[in-house]
Amino acid sequence: AQSVTQLDSHVSVSEGTPVLLRCNYSSSYSPSLFWYVQHPNKGLQLLLKYTSAATLVKGINGFEAEFKKSETSFHLTKPSAHMSDAAEYFCVVSDGGGFKTIFGAGTRLFVKA
Amino acid sequence: ETGVTQTPRHLVMGMTNKKSLKCEQHLGHNAMYWYKQSAKKPLELMFVYNFKEQTENNSVPSRFSPECPNSSHLFLHLHTLQPEDSALYLCASSHPAEGETQYFGPGTRLLVL
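From a predicted model like this one, the values you see are computed outputs, not experimental measurements.

A. Up close: the overall build of chain A. Summing up its helical and strand segments, chain A has zero helices and 12 strands in all. Ordered by position from the N terminus, the helices and strands of chain A form the series β-β-β-β-β-β-β-β-β-β-β-β. Its C-alpha radius of gyration of 13 Å places chain A within 12% of the 13 Å reference for a compact globule of 113 residues. Here chain A, with 113 residues, has 43% of them falling under the buried criterion. Counted over contacts in chain A with a minimum sequence separation of 6, partners at least 24 positions apart contribute 56%. Entry remark: accessible area of chain A is about 5,400 Å², with carbon and sulfur atoms responsible for 53%.

Right under this line is the structure:
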C-alpha cells in the first residue's frame, strides 16, 4: 500500500527567505513522485516530478525537490520566496497509473511582505 | 490555463435539481479523471476513464453519474445531491507517454442548498 504525508498543514515565510515544504511517502514499488501547486480558485498545476532519474528534480518557478529513498522523503524547496508563491502545495505519489495516485492533504504556504 | 477546461465554473443547486458538469481536454490524452476537493480533506478520486471506458469507481454514491462519450469529453451528472456534496470538482487528464502526470482543469465550485 502507498501513502503520502505532508508534515505541515501551514507554513509561513517572509518574502526573500527560503521555503521548505516537507513530504514523506511510503510505497511498495519504485514510485513516481510529484508536487502540484494550487492557487485560489484554480486547478492544480504541476511543479515538478520524479520518475527514477536524477534524484534532484528542478521544477518551474525556481522550485526543486530531492528524492531521498533512505528517508522516504521528497521535500520541496525554494531559495527565496516570492509573494506569488502563496498557494497550497500537494505532494503526490503514484506507482501504477491514475487510480494508484495518492494526494497528500496539502500544505498552505503563506508569504509575508 | 492547462488545456483542460471545465464548465460551469460555479454552480448552485437545490437538492432536487439535476445538473451536469462538463470537462473537455485539448491535449490528445486518453485518460480522464473526476476528483472531489472538500475543505480540509485530501483530494478524493471519484472516477477514472481510459479510452472512454470506466476503469475505476471509487465507491462514489449513485447520485453522481459519469459519462465519457469520447476521449476528449467527460461529464458528471448530478441528481438529488446533499449539502455535504458541496465542494470543488476537478477534472484531469493524462497520457501514458507522460507517465502518471495529470493535467487539471480549473474546477467547478458546487454549492448544494
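B. Geometry of the layout of surface pockets. Estimates place the volume of the largest pocket at around 520 Å³. If you go around the largest pocket, you meet 19 residues; those closest to its centre are A:E88, A:R108, B:Q37, B:A39 and B:K40. Across the lining of the largest pocket, the residue classes tally to five nonpolar, eight polar and six charged.

C. How the structure looks around the interface of chain B and chain A. Contact with chain B, which involves 21 residues of that partner, is made by 21 residues of chain A. When chain B packs against chain A, the two sides together hide about 1,600 Å² of surface, and 55% of this comes from carbon and sulfur. The largest share of the area that chain B buries against chain A comes from B:E100, B:T101 and B:F104, three residues that together contribute 31% of it. The interface formed by chain B and chain A includes zero salt bridges. Run the count over chain B and chain A and you get four residue pairs in polar contact (both at pLDDT 80 or more). Those elements giving two or more residues to the side of chain B that touches chain A turn out to be strand 4 (31-37), strand 5 (44-50) and strand 9 (87-94) of chain B. With three residues, the top contributor of residues to the side of chain B that touches chain A is strand 4 of chain B. Class assignment for the residues of the side of chain B that touches chain A results in 10 nonpolar, five polar and six charged.

Rules of the game
- Residues numbered from 1 in each chain as written.
- Chains lettered and ligands numbered in written order.
- Predicted model: local features only at pLDDT ≥ 70, side-chain atom pairs only at ≥ 80, totals over all residues.
- Heavy atoms only, no water.
- Helix = DSSP H or I, 4+ residues; strand = E, 2+ residues; numbered from the N terminus.
- Rg over C-alpha atoms; globule rule 2.2 N^0.38 Å.
- Buried < 20%, exposed > 50% of the residue type's maximum accessible area, 1.4 Å probe, protein only.
- Contact = heavy atoms within 4.5 Å.
- Areas by Shrake-Rupley, 256 points an atom, 1.4 Å probe, with all protein chains shown as cover.
- 1 Å grid on protein atoms, 1.4 Å probe; cavity = no way out; pocket = protein on both sides within 12 Å on 5 of 7 lines; lining within 4 Å.
- Points joined across faces, edges and corners; volume = space filled by probe spheres on them.
- Nonpolar A, V, L, I, M, F, W, Y, C, P; charged D, E, K, R; others polar.
- Buried area = accessible area lost by both parts, 1.4 Å probe.
- Salt bridge = Lys/Arg side-chain N within 4 Å of Asp/Glu carboxyl O.
- Polar contact = N/O pair within 3.5 Å; in protein donor to acceptor, adjacent residues only side chain to side chain.

That is the geometry; function is a separate question.
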